[in-house]
Amino acid sequence: MDALGLLMYGILLFPQLEDYVDLVAMGVFLAKKNKGENPAMAVLADTYYSLHQCDERRRGILRCCTPLLYLWLTSHLFQCKHRTTCPIEDFKWSWILPMTKEEWVRKLEEASEKSIRWYPPWNEREQIIIKCEGYPNVPLLGTEGAINYNPELTVQQAGYPIITLPTEEALTPFVLPGPEALKGVHYQKIRRAWSSPTKNGVIEKLRSCGASPEYRQWVEERVRTPRDSSPQQYEVPETLEVKRLKVSLDKTKAERAHWKRKLEEALDEIYHEKHVNDEITKKARVERETRLRIGSCLKAADKEMCTRRAKRDQVTIQKERLKEALLDSQRREDEQRE
């Protein structure tokens, strides 16, 4: 079952290369299997990111879960007379025939506000997420990168009428490529933002998919206005948590600098003590060598003195013997004279 699930993640939900499951898909699969994380946000993020990339380049191939995107598209373009509970069941009872590329182009061109089914019955919900903490809209984090979407433009799909115009802040695009989005401060902010999303609910169970004249006029003007090709800058507002972390980081840096100075002072002191110890050791070695040389000289002198003393004693003995011999000789001479 794990192998089948991994194939579903790698080939269907997060496709990269044909018949190939990459490490990113494996990571999402393990996050769902081991931690219970919902992959819906990653699937939605990859879909938005892929559509954005194709729109920016005016060409390209969608690298997202195209079957889910196809179900979403058909559920809004084709009418279903049965009350269904999921998009797959809705697709089944819509009796959609296979269509060529030209037929799809014509179908999309003929779509209008009245022909689009804004609010499928299976999409009924009590609340929708309108923004996340620290963001004017909803940030999404996927395998391809990070991107945001504006719920104020999609509330008709949840049974809300669009009355007021969206703010410029809410429409500010936020797009980050994979390497930049999957690490660093943005990754932490997006994950933290989803811990406390802001939700809105239907008032008195009334459903409406209409739009105000002001909104329709705004959409028409926005469509006619040439789009600026230069990317807009988006700065994530700093939250109290980020400020607290910055203060903590500054404090940590100050403590690190303080302890670095202490370490340098201790190293200097150790170096000085080592130098003094080396000098003392050197002097002690010189003194020991000097004492050894003096001791050797004293031993040699003592040996020489002992030798000379022995010679002196021998000479003294010989002298005494000669003296006695001389006395004996004189005594014999005196005896002979008498």
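Let us look at the structure shown here. (Residues numbered from 1 in each chain as written. Predicted model: local features only at pLDDT ≥ 70, side-chain atom pairs only at ≥ 80, totals over all residues. Heavy atoms only, no water.)

1. So, the overall build of the chain
Then, in step 1: In terms of helices and strands, the chain carries ten helices and five strands.
Then, in step 2: Its C-alpha atoms give the chain a radius of gyration of 49 Å, more than 25% over the compact-globule value 20 Å for 338 residues.
Then, in step 3: Over its C-alpha atoms, taken along the principal directions, the chain stretches across nearly 185 × 45 × 40 Å.
Then, in step 4: Counting all 338 residues of the chain, 25% fall into the buried class.
Then, in step 5: At a minimum sequence separation of 6, the contacts of the chain that also span at least 24 residues come to 70%. (Helix = DSSP H or I, 4+ residues; strand = E, 2+ residues; numbered from the N terminus. Rg over C-alpha atoms; globule rule 2.2 N^0.38 Å. Buried < 20%, exposed > 50% of the residue type's maximum accessible area, 1.4 Å probe, protein only. Contact = heavy atoms within 4.5 Å.)

2. A look at the pattern of salt bridges
Then, in step 1: Applying the stated criterion to the full structure yields four salt bridges.
Then, in step 2: Taking the shortest distance from any N to any O, the salt bridge between Arg-191 and Glu-37 comes out at 3.4 Å. Remark: Glu-37 occurs in the loop between α2 (23-35) and α3 (40-57) and Arg-191 occurs in helix α8 (residues 185-193); sequence separation between them is 154 residues.
Then, in step 3: Given a relative accessible area of 30%, Glu-37 falls into the partly exposed group. (Salt bridge = Lys/Arg side-chain N within 4 Å of Asp/Glu carboxyl O.)

3. Here's the deal with the packing of helix α4 (residues 66-77) against helix α5 (residues 87-94)
Then, in step 1: Contact geometry of α4 with α5 gives a least axis separation of 9 Å together with a crossing angle of 55 degrees. The angle between α4 and α5 places the two elements in the oblique class. Of the two elements, α4 crosses α5, and the hand of that crossing is left-handed. Residues Tyr-70, Leu-71, Thr-74 and Ser-75 of α4 lie in contact with α5, whose contacting residues are Pro-87, Ile-88, Asp-90 and Phe-91.
Then, in step 2: Broken down by class, the residue content of the contact of α4 with α5 amounts to five nonpolar, two polar and one charged. (Axes fitted to C-alpha atoms, helices over the stretch in contact; angles between N-to-C directions. Parallel < 35°, antiparallel > 145°, perpendicular 65-115°, else oblique. Left-handed = near helix turned anticlockwise from the far one by under 90°. Nonpolar A, V, L, I, M, F, W, Y, C, P; charged D, E, K, R; others polar.)

4. Some points on the side chain of Ser-212
Then, in step 1: If you trace the backbone, Ser-212 turns up in the loop between β5 (197-201) and α9 (213-224).
Then, in step 2: Leave out the neighbours within four places in its chain, and Ser-212 touches Ile-162 and Ile-163.

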